[in-house]
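An overview of the molecular structure
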Amino acid sequence: MVQQHQAVLKGNGINNVCALVLDVETGNTLAYVGNIKDAGNIEMEADVDVIAAPRSPGSALKPILYAAMLHDGLILPNSLIADIPTQIGSYAPKNFDLGYDGAVPAHRALSRSLNVPAVKMLQQYKYQRFYETLQQVGITTLNKPADHYGLSLVLGGCEVTMWDLAGVYASMARMLNHHSKN
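Read on for an overview of the structure. Please read these numbers as outputs of a predicted model, since none were measured by experiment. Numbering of residues begins from 1 in every chain and follows the order in which that chain's sequence is written. Totals for whole chains, interfaces and linings use all residues, but because this is a predicted model, local features are given only for residues with pLDDT of at least 70 and pairs of side-chain atoms are given and counted only at 80 or more. The basis for every side-chain value is the complete set of heavy atoms in the structure, and neither hydrogens nor water enter the calculation.

**Comments concerning the overall build of the protein**
Secondary structure elements follow DSSP: runs of H or I no shorter than four residues count as helices, runs of E no shorter than two count as strands, and numbering proceeds from the N terminus. Across its full length, the protein holds seven helices and four strands. Projected onto the principal axes, the alpha-carbon positions of the protein cover approximately 50 × 40 × 30 Å. Remark: exposure states derive from per-residue accessible area (1.4 Å probe, protein chains only) relative to the maximum for the residue type, with buried under 20%, exposed over 50%, and partly exposed in between. Here the protein holds 182 residues, and the buried ones make up 36% of them. Here, residues are in contact when the closest pair of their heavy atoms is within 4.5 Å. For the protein, the proportion of contacts with a sequence separation of at least 24, taken over those separated by at least 6, is 58%. Under the convention used here, a 1.4 Å probe and the Shrake-Rupley method define accessible areas, while residue burial counts only the protein chains that appear. When the accessible area of the protein is evaluated, it comes to approximately 10,500 Å², of which 56% is carbon and sulfur surface. Here the protein contributes 13 positive and 15 negative side-chain charges, whose respective centroids are spaced 8 Å apart. Within this scheme the basic residues Lys and Arg register as positive and the acidic residues Asp and Glu register as negative, but His and the chain ends are omitted. By convention, the charge on Lys lies at NZ, on Arg at CZ, on Asp at CG and on Glu at CD.

**Some remarks on the layout of surface pockets**
Buried and open spaces are told apart on a 1 Å grid over the protein atoms alone, a cavity being a set of points where a 1.4 Å probe fits but cannot get out and a pocket being an open set with protein on both sides within 12 Å along at least five of seven lines. Residues with an atom within 4 Å of a point are the lining residues. Grid points are joined across faces, edges and corners, and a volume is the space filled by probe spheres set on the points. Size it by volume and the largest pocket reaches roughly 580 Å³. As for the largest pocket, its lining consists of 18 residues, and the residues nearest its centre are A67, A68, H71, M172 and M175. Elements with a minimum of two residues in the lining of the largest pocket: α2 (62–71), α5 (127–137) and α7 (162–178). Among the elements that line the lining of the largest pocket, the one with the most residues is α2, at seven residues. Classifying every residue of the lining of the largest pocket gives 13 nonpolar, four polar and one charged. Roughly 160 Å³ of internal volume is contained in the second largest pocket. For the lining of the second largest pocket, the class distribution of residues is seven nonpolar, two polar and one charged. Nonpolar residues are Ala, Val, Leu, Ile, Met, Phe, Trp, Tyr, Cys and Pro. Charged residues are Asp, Glu, Lys and Arg, and all others, Gly as well, are polar.

**Things to note about empty space enclosed by the protein**
In the structure shown here, the tally under the stated rule is one cavity of 30 Å³ or more. Each pocket or cavity is described by its volume, and for the largest cavity that value is around 60 Å³. As for the largest cavity, its lining consists of K62, L65, Y66, A109, L110, L114, A118 and M121. Taken together, the elements giving at least two residues each to the lining of the largest cavity come down to α2, α3 (106–111) and α4 (115–125).

**Some details on the pairing of strand β2 (residues 29–33)**
A pair of strands is labelled paired if DSSP reports no fewer than 2 bridges between them. Sheet topology note: the strand β1 (residues 19–22)/β2 ladder contains four bridges and is antiparallel. Looking at β2, one finds that A19 is bridged to V33. Counting the residues that bridge the hairpin from β1 to β2 gives six residues, and of these G27 lies at a positive phi of roughly 80°.

**Notes on the side chain of T86**
As for its position among the elements, T86 is in the loop between β3 (80–83) and β4 (102–105). A residue is classified by how much of its surface remains accessible, and T86, at 10% relative accessible area, is buried. Whenever two N or O atoms come within 3.5 Å, that pair is a polar contact, provided that in protein one can donate a hydrogen and the other can accept it, and provided that, for residues adjacent in sequence, both atoms are side-chain atoms. A polar contact of 2.7 Å, which involves the side chain of T86, links it to the backbone oxygen of I84. Each residue touching T86, except ones within four places of it in the same chain, is listed here: Y91, A92, P93, V116 and K120.

**Observations concerning the environment of L142**
With respect to the helices, strands and loops of the structure, L142 is situated in the loop between α5 and α6 (146–149). Using a relative accessible area of 7% as the deciding quantity, one classes L142 as buried. L142 has contacts with Y131, L134, Q135, Y149, L153, C158 and E159, leaving out every residue within four places of it along the chain.

**Some points on the nonpolar core**
For our purposes a nonpolar core is just a set of buried Ala, Val, Leu, Ile, Met, Phe, Trp, Tyr and Cys residues, chained together by side-chain atoms within 4.5 Å. Residues L65, L122, F130, L134, L142 and L153 are the most contacted members of the largest nonpolar core, which totals 30 residues. Every element with two or more residues in this core is listed here: α2, α4, α5, α6 and α7. Contact partners of L134, with chain neighbours within four places excluded, come to L61, I64, I139, L142 and L153. Core analysis: the next-biggest nonpolar cluster, separate from the first, contains seven residues, C18, L22, I51 and A170 among them.

Structure (structure tokens):
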């Protein structure tokens, strides 16, 4: 399946692909494909285990910030977050589509993976605190001090392994599966 999917992605210049499937309840690894196998093509870098390699998580840390802020009572799902042109010092985050929606509910900002609201939320939460939260939930690859990453931390301005990220997401899923709605 991974090989077939990579054949499609290769048309868009994506050479590497991996898959990691964990059992949410036990954390056991059910499937592990570290990279596509193509020994005849050195451009594929098939010898690199993408699962173990620290790399930018992109927007994958946004749900962790959202959950931390919900947990601490700093936001509710319908709390309005500003999605407007923003400049914080020399940092000017932009949304992927380069557009802005004005005031957007936090849950919609998350589901649409909007960058500006995520940075605004991190500004409120404090990146130093989020850095510590990431370490507490199992991100082990933050090798530089929090100030090095700053507000870009929530947008993937750090290094994370798929192992760590899969473990964090499995933990969140486990908590959701066992949450009672009283």
